[in-house]
Amino acid sequence: MSQTYPIFESCLIGGEWVGAGAGSVIPVRNPWDGRQIGTVPDAGRAETRAAIAAADAALGPWKAMTAAERSQLMLRLADLMLAEKESLGRLLTLEQGKPLSEAVGEVAFGAAYVRWFAEEAKRVYGDIIPSPWRGRRILVTREPVGVVGAITPWNFPNSMIARKLGAALAAGCTMVIKPASQTPFSALAVGDLALKAGLPAGVVNIVTGKAAEIAAEMCENPRLRKISFTGSTEVGRRLAAQASAHLKRTSMELGGNAPFVVFDDADIEAAVNGAMVSKFRNSGQTCVCTNRFLVQSGIHDAFVARFSKAIGELKLGNGLEPGVAQGPLIDESAVLKVEAHVADALGKGAILVRGGRRSSLGGSLYEPTLVTGANSQMLVAGDETFGPLAAVFRFETEAEAIALANATEYGLAAYLYTRDLARAFRVSEALEYGLVGVNEGLITTEAAPFGGYKDSGFGKEGSKYGVEDYVNMKYTCLGGLG
């Protein structure tokens, strides 16, 4: 059996492992059984200020490296992540709860982001613009924005860091990372690997602890020039407002309420397979997972029957056990939210097809749940459930499906299934979402831009566009050449 990656119970600041000044700690628990697996410092403003200072001190030498030199160090980090993917995956499952196969896959995905941006580091191109003046040249270059603050969530504690860190490092920025208090050990492990890969001290800093204090220091400290946040829309709004007072660059990857549209002409087996991965990956705790299934009347009953059968085959349990496809939710509050959404739906006329209760296995396990007869008055129609509830809405026409799909403040991800090529283009272009999957339920890749519309935020992560959020564009007019 693979070993678990060592647990680091300190902040990483300037290449050193340090505790919080006050000595207070935060317990980290396994969501499967509630067992404490370690503690991390309950750090605040002082530690964040020190981390920003360390990142600022490391910025000059880091951005002075050639792109090829930075790329080589990043490739070493990616290689180390892959070499340790089994041990890192076990650590991730211990603190987050997802099945081990998903956890190992996430680590590999995180390494893919680092590797992608290691290559992109050598492609941060500029331009020479034809000059309107004789004897002058117009040069456009891209320079690192500076020290970056990253605030990351608990649902993907490795890959969410990797895609921010990869882009920042490629651009020549240094970073201060604040991981979620539920899942800090995966972040600290990445910090350890960064040191082992040879990244200079201070290039990667990790501070655990008080979210409000850490975020406030990031927003107010003039040495930090950009904040990248992944989390809820509510928190994102507050953070963007705080950062705007000091004109910080920000990128926000926020909440979602993804529709999954199934038309009468869809391949029903493909649609069910896509529905399973889109809804129940990470127990429904993903920002791009389906929140609403919109199914056309002609295929509705057949889809529900096959979907229900597939849901019934999911194995629940401890994520470290072989064959487990769904682990526990992150904590009790997550379970309470799912219970509230299920109760609300049933109270407003939904029909329970499967699940609808906590698992008899205990803890924060909740049975994969399927309801039909969903309508726009239910909480699930407007609020992100973030759990294993699949709510099916019936529709009649294409226009109705588009209207239902867009009837939300969110605009992160959407999915549609059809065999009609013209419809695929019409509907995907009409959907007000940053990511659209046509006949596919899992579409995230390091090669494509990830980011939403409307209240799902702004900015792109991944792909060649992902570096743009970490660079400033400079225009230089070079005269005296006549």
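Note that this is a predicted model, so its numbers are computed, not measured. (Residues numbered from 1 in each chain as written. Predicted model: local features only at pLDDT ≥ 70, side-chain atom pairs only at ≥ 80, totals over all residues. Heavy atoms only, no water.)

Further remarks concern the overall build of the protein chain. When its secondary structure is counted, the protein chain shows 14 helices and 22 strands. Here the C-alpha atoms of the protein chain give a radius of gyration of 23 Å, agreeing with the 23 Å that 2.2 N^0.38 yields for 482 residues. Overall, the protein chain is about 75 × 60 × 40 Å in size when its C-alpha atoms are taken along their principal axes. Across the 482 residues of the protein chain, 55% fall into the buried class. A sequence separation of at least 24 residues applies to 73% of the contacts in the protein chain between residues at least 6 apart. When the 48 positive and 50 negative side-chain charges of the protein chain are each reduced to one mean point, those points stand 5 Å apart. (Helix = DSSP H or I, 4+ residues; strand = E, 2+ residues; numbered from the N terminus. Rg over C-alpha atoms; globule rule 2.2 N^0.38 Å. Buried < 20%, exposed > 50% of the residue type's maximum accessible area, 1.4 Å probe, protein only. Contact = heavy atoms within 4.5 Å. Lys, Arg positive; Asp, Glu negative; His and termini not counted. Charge placed at Lys NZ, Arg CZ, Asp CG, Glu CD.)

Below, the discussion takes up the packing of helix α13 (residues 398–406) against helix α14 (residues 421–430). It is at 10 Å that the axes of α13 and α14 come closest, and there the two elements cross at 30°. As summarised for this structure, α13 and α14 are arranged roughly parallel, according to the angle between their axes. Our pair here, α13 against α14, has a crossing hand that is right-handed. Facing α13, whose interface residues are Glu398, Ile402 and Asn406, α14 presents Arg423, Arg426, Val427 and Ala430. Here the residues of the contact of α13 with α14 sort into 3 nonpolar, 1 polar and 3 charged. (Axes fitted to C-alpha atoms, helices over the stretch in contact; angles between N-to-C directions. Parallel < 35°, antiparallel > 145°, perpendicular 65-115°, else oblique. Left-handed = near helix turned anticlockwise from the far one by under 90°. Nonpolar A, V, L, I, M, F, W, Y, C, P; charged D, E, K, R; others polar.)

Here we come to the packing of helix α2 (residues 67–83) against helix α6 (residues 184–196). At their nearest, the axes of α2 and α6 sit 9 Å apart, and the two run at 125° to each other. Here α2 lies oblique to α6, going by the angle between them. Judged by the twist between their axes, the crossing of α2 over α6 is right-handed. On the side of α2, the interface is formed by Leu77, Leu80 and Met81, while α6 contributes Val190, Leu193, Ala194 and Lys196. Here the residues of the contact of α2 with α6 are counted per class, giving 6 nonpolar, no polar and 1 charged.

On to unusual backbone geometry, then. Residues other than glycine seldom take positive phi values, yet Leu247 does so here, at roughly 55°. Along the polypeptide, Leu247 turns up in the loop between α8 (233–244) and β11 (249–253). Take Leu247: its relative accessible area is 69%, and that puts it in the exposed class. Residue Ser283 is not a glycine yet carries a positive backbone phi of 55°. Topologically, Ser283 is positioned in the loop between α9 (268–280) and β13 (290–296). A relative accessible area of 3% places Ser283 in the buried class.

Another aspect to go through is helix α5 (residues 159–171). Taking 1.5 Å per residue, 13 residues should reach 18 Å; α5 reaches 18 Å between its end C-alpha atoms and fits that length. Of all 13 residues in α5, 13 are buried; the element is thus mostly enclosed. Looking one or two residues beyond α5, the residue adopting positive phi is Gly172, at roughly 100°. (Expected span 1.5 Å × (residues − 1).)

This part takes up the pattern of salt bridges. Pairing is possible between side chains of opposite charge, provided their charged atoms come close. Inspection of every chain in the model, using the stated rule, returns 32 salt bridges. Linking Glu106 and Lys98 is a salt bridge whose minimum nitrogen-to-oxygen distance equals 2.6 Å. On the basis of relative accessibility, which here comes to 2%, the residue Lys98 falls in the buried class. With a closest N to O distance of 3.4 Å, Glu409 and Arg237 form a salt bridge. Residue Glu409 is located in the loop between α13 and β17 (410–411), and its partner Arg237 is located in helix α8; the two are separated by 172 residues in the primary sequence. Glu409 sits in the partly exposed class, given a relative accessible area of 37%. The class for Arg237 is partly exposed, based on a relative accessible area of 45%. One salt-bridge network, held together by shared partners, links Arg45, Arg49, Glu217 and Glu220. (Salt bridge = Lys/Arg side-chain N within 4 Å of Asp/Glu carboxyl O.)

Bringing the pairing of strand β12 (residues 258–262) into the picture now. Most of β12 sits inside the fold, with 5 of its 5 residues counted as buried. Bridge count between β12 and β13: 5 bridges; the pairing is parallel. Paired with Ala258 across the strands is Thr290, a residue of β13. In terms of handedness, the path from β12 via α9 over to β13 forms a crossover that is right-handed. Bridge count for β12 against strand β18 (residues 413–417) is 3 bridges, and the pairing is parallel. Residue pairing in the sheet places Val261 in a bridge with Leu416 of β18. (Pairing = 2+ DSSP bridges. Right-handed = clockwise from strand over helix to strand, strands pointing away.)

With that out of the way, let us pick up α2. Spanning 17 residues, α2 covers 24 Å between terminal C-alpha atoms, matching the ideal 24 Å at 1.5 Å per step. Within α2, burial applies to Arg70, Ser71, Leu73, Met74, Leu75, Leu77, Ala78 and Met81. Check the buried side of α2 and you find it contacts α1 (45–64), α3 (85–96), α4 (100–120), α5 and α6.

Turning to its location among the elements, Glu461 is positioned in the loop between β21 (457–458) and β22 (471–478). Of note is the side chain of Glu461, whose polar atom sits 2.8 Å from the side chain of Arg163. A polar contact of 2.7 Å, which involves the side chain of Glu461, links it to the side chain of Lys164. (Polar contact = N/O pair within 3.5 Å; in protein donor to acceptor, adjacent residues only side chain to side chain.)

Our next topic: the sheet that holds strand β5 (residues 127–129). Think of a sheet as strands paired side by side through backbone hydrogen bonds, with each pair either parallel or antiparallel. As summarised here, the arrangement of the 3 strands in space is β5-β6-β22, forming an open sheet in which the pairing is antiparallel. Strands at the two margins of the open sheet, each flanked by one partner only, are β5 and β22. Going from strand to strand, the sheet's axes swing by 25° on average, the running direction of each strand aside.

In this structure, Leu165, Met175, Leu199, Val204 and Tyr470 are the most contacted members of the largest nonpolar core, which totals 56 residues. In terms of residue count, α5 provides more of this core than any other element does, 8 residues in total. Leu294, Leu389, Phe395 and Leu431 belong to the second-largest nonpolar core, a separate cluster that totals 32 residues. (Core = buried A, V, L, I, M, F, W, Y, C linked by side-chain atoms within 4.5 Å.)

On to the packing of aromatic side chains. For the structure on display, the rule yields 11 aromatic pairs. Between Phe109 and Tyr113, the ring centres sit 4.9 Å apart and the planes meet at 55°, which makes this aromatic pair tilted. Taken together, the residues Phe109 and Tyr113, both in helix α4 and 4 residues apart, mark about one turn of the helix. Here Phe109 falls in the partly exposed class, since its relative accessible area comes to 22%. Aromatic side chains Phe293 and Phe303 sit 6.4 Å apart centroid to centroid with 40° between the ring planes, which places their arrangement in the tilted category. One end of the pair, Phe293, is in strand β13; the other, Phe303, is in helix α10 (residues 297–312), and 10 residues separate them in sequence. For Phe293, a relative accessible area of 0% puts it in the buried group. Among the aromatic residues, those joined into a ring-pair cluster are Phe260, Phe280, Phe293, Phe303, Phe307, Tyr415 and Tyr417. (Phe/Tyr/Trp six-rings, centres within 6.5 Å; stacked < 30°, edge-to-face > 60°.)

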